[in-house]
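# Architecture at a glance
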Amino acid sequence: MSAVDPPHTCEAELVARLRAGDEAAAYEFFDRYAARIRRFIASSLGAAAADADDVLQETFIALADALPFFRGDSSLFTFACAIAHRKVLSLIRTNARRARLMRAAPITEQTTVRDTGTNREFNRALAELRPDYREVLVLKYVEEIGVSEIARILRIGEHAVESRLARARKALRKSMKE
């Protein structure tokens, strides 16, 4: 650690500093969590991952607005992921509306190239999953978040998370075989 880098503060202190409008706390929060939140967003978006930076920015703006409502029942990261989840769903709904409009008036025919590598095949299969399946898999296996925290992020019950994880794994296996 250099003399320039301040030590990481505990989360409760970071939240207090954020609520007080401390700019250094905002930078610390960003440095601590932005990469993980962006990875969650990009994985949740799948094929639309190019929009991840925009969704990340919207998430941080919404987080600043929602901070007074943060009760501390979960970690600040979980709170931020819940906001990101809602932003992702909003973008998916918007893109679905656009896709319906595009199908009504198609401009060009799109073709896809099938990847042959195992990692590419896995990424393709993951990208083709339903967004809610992809999202729960990323939270569990990429972000390594427990079922109870995933339930808080997605605002569903723990049993629903476990069921969704089982269905998502099954859908991923099926997609990998195809």
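Residues numbered from 1 in each chain as written. Predicted model: local features only at pLDDT ≥ 70, side-chain atom pairs only at ≥ 80, totals over all residues. Heavy atoms only, no water.

### Things to note about the packing of helix H6 (residues 131-142) against helix H7 (residues 147-154)
Orientation of H6 relative to H7, taken along the N-to-C sense of each, is 140°, at an axis distance of 10 Å. Put simply, H6 runs oblique to H7. With respect to the hand of their crossing, H6 and H7 are arranged in right-handed fashion. Note on element contacts: H7 touches H6 through Val147, Ile150, Ile153 and Leu154, opposite Glu135, Val136, Leu139 and Lys140. (Axes fitted to C-alpha atoms, helices over the stretch in contact; angles between N-to-C directions. Helix = DSSP H or I, 4+ residues; strand = E, 2+ residues; numbered from the N terminus. Parallel < 35°, antiparallel > 145°, perpendicular 65-115°, else oblique. Left-handed = near helix turned anticlockwise from the far one by under 90°. Contact = heavy atoms within 4.5 Å.)

### Side note on the packing of aromatic side chains
Across all of its chains, the model carries 5 aromatic pairs by this definition. Ring geometry for Phe70 and Phe79: centres 4.9 Å apart, planes at 55°, overall tilted. Take Phe70: its relative accessible area is 8%, and that puts it in the buried class. Accessibility expressed as a relative area gives 18% for Phe79, which makes it buried. Among the aromatic residues, those joined into a cluster by ring pairs are Phe29, Phe30, Tyr33, Phe60 and Phe77. Taking NZ or CZ as reference, Arg36 lies 3.9 Å from the ring centre of Phe77, over its face. Positioned over the ring face of Tyr133 is Arg130, at 4.3 Å from the centre of the ring. (Phe/Tyr/Trp six-rings, centres within 6.5 Å; stacked < 30°, edge-to-face > 60°. Buried < 20%, exposed > 50% of the residue type's maximum accessible area, 1.4 Å probe, protein only. Lys NZ or Arg CZ within 6 Å of the ring centre and 35° of its normal.)

### As for the pattern of salt bridges
All chains considered together, the criterion is met by 11 salt bridges. Between Glu28 and Arg17 there is a salt bridge, with the nearest N and O atoms lying 3.2 Å from each other. With Glu28 in helix H2 (residues 23-45) and Arg17 in helix H1 (residues 11-19), this residue pair connects regions lying 11 residues apart in the sequence. Overall, Glu28 belongs to the buried group, its relative accessible area being 9%. By relative accessible area, Arg17 is classed as buried at 17%. Between Arg152 and Glu149 there is a salt bridge whose closest N-O contact spans 2.3 Å. (Salt bridge = Lys/Arg side-chain N within 4 Å of Asp/Glu carboxyl O.)

### Focus on the environment of Ser148
Here Ser148 lies in helix H7. The spatial distance from the C-alpha of Ser148 to the C-alpha of Ser74 is 9.9 Å, given a sequence separation of 74 residues.

### Topic: the environment of Arg134
With respect to the helices, strands and loops of the structure, Arg134 is situated in helix H6. For Arg134, a relative accessible area of 4% gives the class buried. Discounting chain neighbours no more than four positions away, the residues touching Arg134 are Ser43, Ser44, Leu45, Gly46, Leu126, Ala127, Glu128 and Leu129.

### A closer look at the side chain of Thr78
Within the element layout of this structure, Thr78 appears in helix H4 (residues 76-104). Those residues in contact with Thr78 that lie beyond four places of it in its chain are Glu149, Arg152 and Ile153.

### Points about the confidence of the model for the protein
Put simply, the protein has an average pLDDT of 82, and 83% of its residues get 70 or more. Low confidence marks residues 1-5, where pLDDT is under 50. Its contacts with residues over four positions away, or in another chain, come to 2 contacts. Throughout residues 105-116 the model reports pLDDT below 50, and contacts reaching past four residues in sequence, or to other chains, amount to 6 contacts. (pLDDT = per-residue confidence, 0-100.)

### A look at the nonpolar core
Core analysis: the largest hydrophobic core is formed by 48 residues, its most contacted members being Phe29, Ile37, Ile41 and Leu76. Those elements giving two or more residues to this core turn out to be H1, H2, helix H3 (52-66), H4, helix H5 (118-128), H6, H7 and helix H8 (158-177). Among all residues touching Leu76, those that are not within four sequence positions of it are Glu11, Val15, Leu18, Phe29, Leu67 and Phe70. (Core = buried A, V, L, I, M, F, W, Y, C linked by side-chain atoms within 4.5 Å.)

### A short note on the packing of H6 against H8
Where H6 contacts H8, the two axes come as close as 9 Å, and the packing angle between them is 105°. As the angle between them shows, H6 and H8 are arranged roughly perpendicular. Residue-level inspection shows Asp132, Tyr133, Val136, Leu137, Lys140 and Tyr141 of H6 in contact with H8, the latter providing Val161, Arg164, Leu165, Arg167, Ala168, Arg169, Ala171 and Leu172. Considered class by class, the residues forming the contact of H6 with H8 number 9 nonpolar, no polar and 5 charged. (Nonpolar A, V, L, I, M, F, W, Y, C, P; charged D, E, K, R; others polar.)

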